[in-house]
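Remarks on the overall topology
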Amino acid sequence: MKILIDTLIKLGILKDDLDYHLVRASMVIIFLFFGYQKWFEYEAQVLITYIGNGPLISWMYPVFGIRGASWFLGVSE
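Computed from a predicted model, the values in this text were never measured in an experiment.

1. What about the overall build of the protein?
When helices and strands are counted, the protein shows 5 helices and 0 strands. Walking the protein from its N terminus toward its C terminus, one meets helices and strands in the order α-α-α-α-α. Intrachain contacts of the protein at a sequence separation of at least 6 include 39% that bridge at least 24 residues. Carbon and sulfur atoms provide 72% of the accessible area of the protein, an area that totals close to 6,100 Å².

The structure is reproduced here in structure tokens:
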């Protein structure tokens, strides 16, 4: 743990704006979890109503299929 703290101090992350870095890291983790869920079948089935009725993204089902559209959204998030 001391090695990690020393490395963060050398990089300047712990010197100033620590709250900014913590909020940014938590947002990245949350978005990764949302994107990660799109890779599984249960989430692809849940997204059918949202993607099928969306005026901007309804083209994805004919082009990619159900799983492909879900993967596309997961990667783009």
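2. Structural notes on helix 5 (residues 60-76)
Given a rise of 1.5 Å per residue, 17 residues ought to cover 24 Å, yet the end C-alpha atoms of helix 5 are separated by just 13 Å, more than 12% below that figure. I66 marks where helix 5 bends most, by close to 90 degrees. Those residues of helix 5 lying buried are M60, Y61, G68, A69, S70, L73 and G74. For helix 5, the elements touching its buried residues are helix 2 (18-37), helix 3 (41-46) and helix 4 (48-53).

3. Some details on the pattern of salt bridges
Scanning the entire structure with this criterion turns up 2 salt bridges. The salt bridge partner of D6 is K2, with a shortest N-O separation of 3.6 Å. In this pair, D6 and K2 both sit in helix 1 (residues 2-11), 4 residues apart, roughly one turn of the helix. Given a relative accessible area of 31%, D6 falls into the partly exposed group.

4. Here we look at the side chain of S70
With respect to the helices, strands and loops of the structure, S70 is situated in helix 5. Take S70: its relative accessible area is 1%, and that puts it in the buried class. For S70, the side chain forms a polar contact with the main-chain oxygen of K38, separated by 2.5 Å. Not counting chain neighbours up to four residues away, the residues in contact with S70 comprise K38, A44 and L47.

5. Let's talk about the packing of aromatic side chains
One pass over the structure, following the stated rule, counts 6 aromatic pairs. Residues Y36 and F40 carry aromatic rings whose centres are separated by 5.3 Å and whose planes lie at 80 degrees to one another, so their mutual orientation is edge-to-face. According to the relative accessible area criterion, Y36 is exposed, its value standing at 51%. Among the aromatic residues, those joined into a ring-pair cluster are Y36, F40 and Y42.

6. A short note on the environment of K38
Following the sequence through the fold, K38 ends up in the loop between helix 2 and helix 3. On the accessibility criterion, K38 (9% relative accessible area) is buried. Here the alpha-carbon distance between K38 and L4, two residues 34 residues apart in the chain, equals 32 Å. Among the polar contacts made by the side chain of K38, one reaches the main-chain carbonyl oxygen of F34 at a distance of 3.3 Å.

Reading the values: rules and limits
Along every chain, residues carry numbers that run from 1 in the direction the sequence is written. Given that the model is predicted, a residue must reach a pLDDT of at least 70 before its local features are reported, and side-chain atom pairs must reach 80 or more before they are shown or counted; all residues, however, enter totals for whole chains, interfaces and linings. Side-chain descriptors were evaluated using all non-hydrogen atoms of the structure, hydrogens and water having been removed beforehand. In this text, helices come from DSSP runs of H or I with a minimum length of four residues, and strands from runs of E with a minimum of two, each type numbered from the N-terminal end. By definition in these notes, contact holds between two residues if any of their heavy atoms fall within 4.5 Å. Only the protein chains shown count as covering a residue, and every accessible area follows the Shrake-Rupley method with a 1.4 Å probe. What a helix is expected to span follows from its residue count: subtract one and scale by 1.5 Å. The bend reported for a residue corresponds to the angle between axes fitted to the seven residues ending at that residue and the seven starting there. Accessibility here uses a 1.4 Å probe with only protein chains present; expressed as a share of the type maximum, an area under 20% marks a residue as buried, one over 50% as exposed, and anything in between as partly exposed. Whenever Lys or Arg places a side-chain nitrogen within 4 Å of a carboxyl oxygen from Asp or Glu, that contact is recorded as a salt bridge. Here a polar contact means two N or O atoms within 3.5 Å. Within protein one must be a hydrogen donor candidate and the other an acceptor candidate, and residues neighboring in sequence count only if both atoms are side-chain atoms. For this analysis, a ring pair means two rings from Phe, Tyr or Trp (six-membered ring only for Trp) whose centres lie within 6.5 Å, classed as stacked if their planes differ by under 30 degrees, edge-to-face if by over 60, and tilted for the remaining angles.

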